[in-house]
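Listed below are the residues making up each chain.
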Amino acid sequence: MFLTKHHVLRCAVAALTSTVVALGLAVAPAGAAELGAKPDVERVRHFQSTPFQRLAWSTVRGAESYQVFVKGARYDHRLPREWKLLKTVDRNRTTVFVGAGRTRQFGVRAVGAPDGMRHAVTAISSFGTISRPARVAALDRVRRWRTVRDQSLYRNVALETSRHRAKLLLRYAKDTSTVRLVAATGPAYGVVDVYIGRDRIRRVDLGSYPANAHRRIRIRVRPADSGTIRVVTRGSDPVRISAVAHTRRSTTATETPPAPFAHPPARSFTFRGSGWGHGVGLSQYGAMAMAEAGRSVSDILGHYYRGTELGRADDSRLVGVNVRYHAARITARPRALTGEAAMEICAIRRHGCVERAVLRDTTSESEPSGRVQLTRGNRAVRARVVDASGEVSTLRGNRIRIRWSGTRHLAGDPAVVRLGNNREYRHGELVIHKHDTRLLNAVVRMRLQSEYLRGVAEMPSSWDLEALRAQAIIARTYALRTGAGFKPDCDCNLRDSVVHQAYVGWGKESEGNDGHYGKRWVSAVNSTDGQVLTYDGELAGTFYYSSSGGHTLNSEDVWSATVPYLRAVDDPWSLTSENPNRSWTTVRWQSAMASLFDLEDIHKISISGRYDGGAIRSVKATASTGESRTITGKADYLRSLFGLKSAWVRSIRESY
């Protein structure tokens, strides 16, 4: 409360001070003497297409400085009577700025040397008005209509052309009783036709009116079915229309007239942002850039996980990793890496392996020999085994266990088991469990350090070794912390997807020619054996993602819990040129956004709130009727809701 009052008081004092200063300089001090004739000025063109205008004037004898004054208003508003001091210059020229959709009038006066408290000054010379109406990108589309004056007048729209049959459309103007044009008139200007639907209601000769930069022309309208107002040029003489107004008729005297449609709906919305992921914890592209800059593993982890320490933990435990989730059918076959390989299929019941079959494969054969198809029976898991000769046998059990040679479970030449999705697994054993009455879960049971971590595919193996070591430590910590409990929906400790960590098995370990890149990753895993990240002696929640938008996020801004070591920190490392997602765009169409905000249509979407770290917190949509809705939520929820790579959205732009 104190901060709020202090801020308001400070703003009030600043405003009062600036007003006093402006008035004090704009009016000659008491007892000021006349310096002489006012400066001669070069008149400016009324309509300008560029924002900057150079002003020049004659020098005044005895002048030590010149004061430049301004009057400003919206494009078609009356200018105020009082001048305001803009700046003081020493030379007889300066450059000023005029914003789009604005009219400004500039003046200048000379100021002589001070004589005590007195200054000799001249009268103010005016340069005339300069106007910059906002233009439309295409003449038959209306952009950025704004509602003022009881929701009836639309501004900052300009039709400025010398083309025959150029059009300016005002849609959603049904039940219009009056149309008003705000236009530049005078002998040099052309003719326009005003239509309601297909009916021309009036031809307006802008050249027949006295010269005026923003004349208001009123046109009465008979009842019409169509609500589209069209203004069409009839020749090549210049036409400048800065605004269109329409008044709607009420159905009864007591009924509140409906709010007019201030804006047409946009065709699509382009979200521009950067980064990819939820934004909590380590940014992988950031870790890569830090490693390339010579930062150590402890530097990298200490930056993204504040207050944590490196510790040690037993990582030899067994974990079950779900590699097929709720599948109706699973296919597996052996593939020999050298020599001859074997794959053993066992039907497991209460007393162990009650039925067994063996498939063999050799590296000399072009295709794997045999396969096993696993499906659900009424009460059991059924394995249909087809060997190299085509002979078929069927095994049934509460679950099916598959082992292959070259592992600690089965001696022989090294092999992998290949599932129907072309994933291959080199270590552990595969167990197929029942789920529900029709589905199966396939789980690879293996040791965490020496088998599971070798197949975790969360970072390219070609990256700097320090980044790979940091990734290995947080992957180990994450697996120990998250995989501590059994998850009945998958009969596993960990899932092989981004739900937990991406695990691809042999594909990661054998990556590159002769496994060159895979060996780099395995080296990072082995060199950090047993190392974990801790906070207050407990395993830390080592969340990570691809890259940020230049700043990470607080855990409570993305999910719910406040975690002391998952704080928002600067992350310029994520914005290096190596990151393909340092900048991205995503287009969302009108129908999807209107449905999302539960509006009839949407004219504009804007970001109305952000979290620390720059992620979007609330997004506001405004319909063509002026009705608006705001969606507020956690950053990850909004990222998912809008289908974006991240919640670091820089801007949202409409396309009409």
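Residues numbered from 1 in each chain as written. Predicted model: local features only at pLDDT ≥ 70, side-chain atom pairs only at ≥ 80, totals over all residues. Heavy atoms only, no water.

### A closer look at the overall build of the protein chain
Stage number 1. Summing up its helical and strand segments, the protein chain has 10 helices and 41 strands in all.
Stage number 2. For the protein chain, with 656 residues in total, the buried portion stands at 49%.
Stage number 3. In the protein chain, the share of contacts with a sequence separation of at least 24, taken over all contacts with a separation of at least 6, comes to 70%.
Stage number 4. Counting every atom, the protein chain has about 31400 Å² of accessible surface; 47% of that belongs to carbon and sulfur. (Helix = DSSP H or I, 4+ residues; strand = E, 2+ residues; numbered from the N terminus. Buried < 20%, exposed > 50% of the residue type's maximum accessible area, 1.4 Å probe, protein only. Contact = heavy atoms within 4.5 Å. Areas by Shrake-Rupley, 256 points an atom, 1.4 Å probe, with all protein chains shown as cover.)

### Regarding the environment of Lys-645
Stage number 1. Take Lys-645: it is sitting in the loop between helix H10 (635–642) and strand S41 (649–655).
Stage number 2. Lys-645 sits in the partly exposed class, given a relative accessible area of 28%.
Stage number 3. Each C-alpha atom, one on Lys-645 and one on Ser-274, is 7.9 Å from the other, the two residues being 371 residues apart in sequence.
Stage number 4. When sequence neighbours within four positions are dropped, the list of residues in contact with Lys-645 reads Gly-275, Trp-276, Gly-277, Asn-581, Trp-584 and Arg-639.
Stage number 5. A polar contact is formed between the side chain of Lys-645 and the side chain of Asn-581, at a distance of 2.7 Å. (Polar contact = N/O pair within 3.5 Å; in protein donor to acceptor, adjacent residues only side chain to side chain.)

### Some details on the layout of surface pockets
One water molecule sets the probe size; rolling that probe over the atoms shows where empty space is left.
Stage number 1. Looking at the largest pocket, its volume works out to about 520 Å³.
Stage number 2. Contributing to the lining of the largest pocket are 18 residues, with His-278, Glu-458, Val-498, Tyr-544 and Tyr-545 lying nearest its centre.
Stage number 3. Secondary structure elements with two or more residues in the lining of the largest pocket: strand S36 (544–545) and H10. (1 Å grid on protein atoms, 1.4 Å probe; cavity = no way out; pocket = protein on both sides within 12 Å on 5 of 7 lines; lining within 4 Å. Points joined across faces, edges and corners; volume = space filled by probe spheres on them.)

### Looking at the sheet that holds strand S33 (residues 494–495)
Stage number 1. With respect to topology, seven strands assemble into an open sheet ordered S24-S23-S28-S31-S32-S21-S33, the strand pairing being mixed. On the outer flanks of this sheet lie strand S24 (352–362) and S33, each paired with one strand and no other. (Pairing = 2+ DSSP bridges.)

### Focus: unusual backbone geometry
Stage number 1. Of note in this structure, His-326 is not a glycine but carries a positive phi near 50 degrees.
Stage number 2. By the secondary structure assignment, His-326 is in strand S21 (residues 318–327).
Stage number 3. Despite not being glycine, Asp-436 has its phi angle at roughly 65 degrees, a positive value.
Stage number 4. Residue placement: Asp-436 occurs in the loop between strand S31 (429–435) and strand S32 (439–447).
Stage number 5. We classify Asp-436 as exposed; its relative accessible area is 59%.

### So, the sheet that holds strand S37 (residues 584–589)
Stage number 1. Spatially, S37-S18-S41 is the arrangement adopted by the three strands of the open sheet, whose pairing is antiparallel. Edge strands, defined here as strands with exactly one partner in the open sheet, are S37 and S41. Averaged over all pairs of adjacent strands, the angle between strand axes in this sheet comes to 20 degrees, irrespective of strand direction.
Stage number 2. Examined bridge by bridge, strand S18 (residues 268–273) and S37 share six bridges and lie antiparallel to one another. The residue of S37 that forms the bridge with Phe-271 is Thr-586.
Stage number 3. Of the strands in this sheet, S18 and S37 are in contact with helix H9 (residues 590–597), which crosses S37 at around 75 degrees. (Axes fitted to C-alpha atoms, helices over the stretch in contact; angles between N-to-C directions.)

### Concerning the confidence of the model for the protein chain
Stage number 1. In this model, the protein chain carries an average pLDDT of 83, and 84% of its residues clear a pLDDT of 70 or more.
Stage number 2. Strand S8 (residues 146–148) is the least confidently modelled element of the protein chain, averaging 31 in pLDDT, while strand S19 (residues 282–283) averages 97, the highest of any element.
Stage number 3. Note that pLDDT drops below 50 for residues 1–33; the model gives that stretch 20 contacts with residues more than four away or on any other chain.
Stage number 4. This stretch, residues 134–157, has a pLDDT under 50; its non-local contacts, to residues over four places away or in other chains, come to 91 contacts. (pLDDT = per-residue confidence, 0-100.)

### With respect to the pattern of salt bridges
Between side chains of opposite charge, pairing is possible as soon as their charged atoms come close.
Stage number 1. Counting across every chain of the model gives 22 salt bridges.
Stage number 2. Here Glu-509 ties to Arg-454 by a salt bridge, and the two come within 2.8 Å at their closest N and O atoms. Residue Glu-509 is located in helix H6 (residues 506–509), and its partner Arg-454 is located in the loop between helix H4 (448–452) and helix H5 (465–482); the two are separated by 55 residues in the primary sequence.
Stage number 3. Judged by relative accessible area, Glu-509 falls into the buried class, the value being 14%.
Stage number 4. Counted as one network, the salt bridges with shared partners bring together Asp-193, Arg-200, Arg-203 and Arg-234. (Salt bridge = Lys/Arg side-chain N within 4 Å of Asp/Glu carboxyl O.)

### Examining the state of the cysteines
Stage number 1. If you walk through the whole model with that rule in mind, you get two disulfides.
Stage number 2. Two residues, Cys-490 and Cys-492, share a disulfide whose sulfurs are 1.9 Å apart. Here the disulfide of Cys-490 and Cys-492 is left-handed, its torsion about the S-S bond being about -70 degrees. Both residues of the pair, Cys-490 and Cys-492, belong to the buried class.
Stage number 3. By sequence order of its bonded cysteines, the protein chain has the disulfide arrangement 1-2, 3-4. (Disulfide = S-S within 2.5 Å.)

### Focus: the packing of helix H2 (residues 284–292) against H5
Stage number 1. Relative orientation of the contacting elements H2 and H5 amounts to 140 degrees, with a least axis distance of 7 Å. When the axis of H2 is compared with that of H5, the two are oblique. Judged by the sense of rotation from one axis to the other, the crossing of H2 with H5 is right-handed. Here Gln-284, Ala-287, Met-288 and Ala-291 of H2 lie close against H5, whose contacting residues are Glu-466, Ala-467 and Gln-471.
Stage number 2. For the contact of H2 with H5, the class distribution of residues is four nonpolar, two polar and one charged. (Parallel < 35°, antiparallel > 145°, perpendicular 65-115°, else oblique. Left-handed = near helix turned anticlockwise from the far one by under 90°. Nonpolar A, V, L, I, M, F, W, Y, C, P; charged D, E, K, R; others polar.)

### Quick word on the packing of aromatic side chains
Stage number 1. Taken as a whole and assessed by the stated rule, the structure comprises 12 aromatic pairs.
Stage number 2. With centroids separated by 6.3 Å and ring planes inclined at 35 degrees, the aromatic side chains of Tyr-545 and Trp-648 adopt a geometry described as tilted. Taken together, the residues Tyr-545 in strand S36 and Trp-648 in the loop between H10 and S41 connect sequence positions 103 residues apart. Like Tyr-545, the residue Trp-648 is buried in the burial classification.
Stage number 3. Among the aromatic residues, those joined into a ring-pair cluster are Trp-57, Tyr-66 and Phe-127. (Phe/Tyr/Trp six-rings, centres within 6.5 Å; stacked < 30°, edge-to-face > 60°.)

### Considering the environment of Thr-122
Stage number 1. Tracing the backbone shows Thr-122 in the loop between strand S6 (118–121) and strand S7 (125–132).
Stage number 2. Along the backbone, Thr-122 and Val-111 are 11 residues apart, and their C-alpha atoms lie at a distance of 6.9 Å.
Stage number 3. Of note is the side chain of Thr-122, whose polar atom sits 3.0 Å from the backbone nitrogen of Ala-110.

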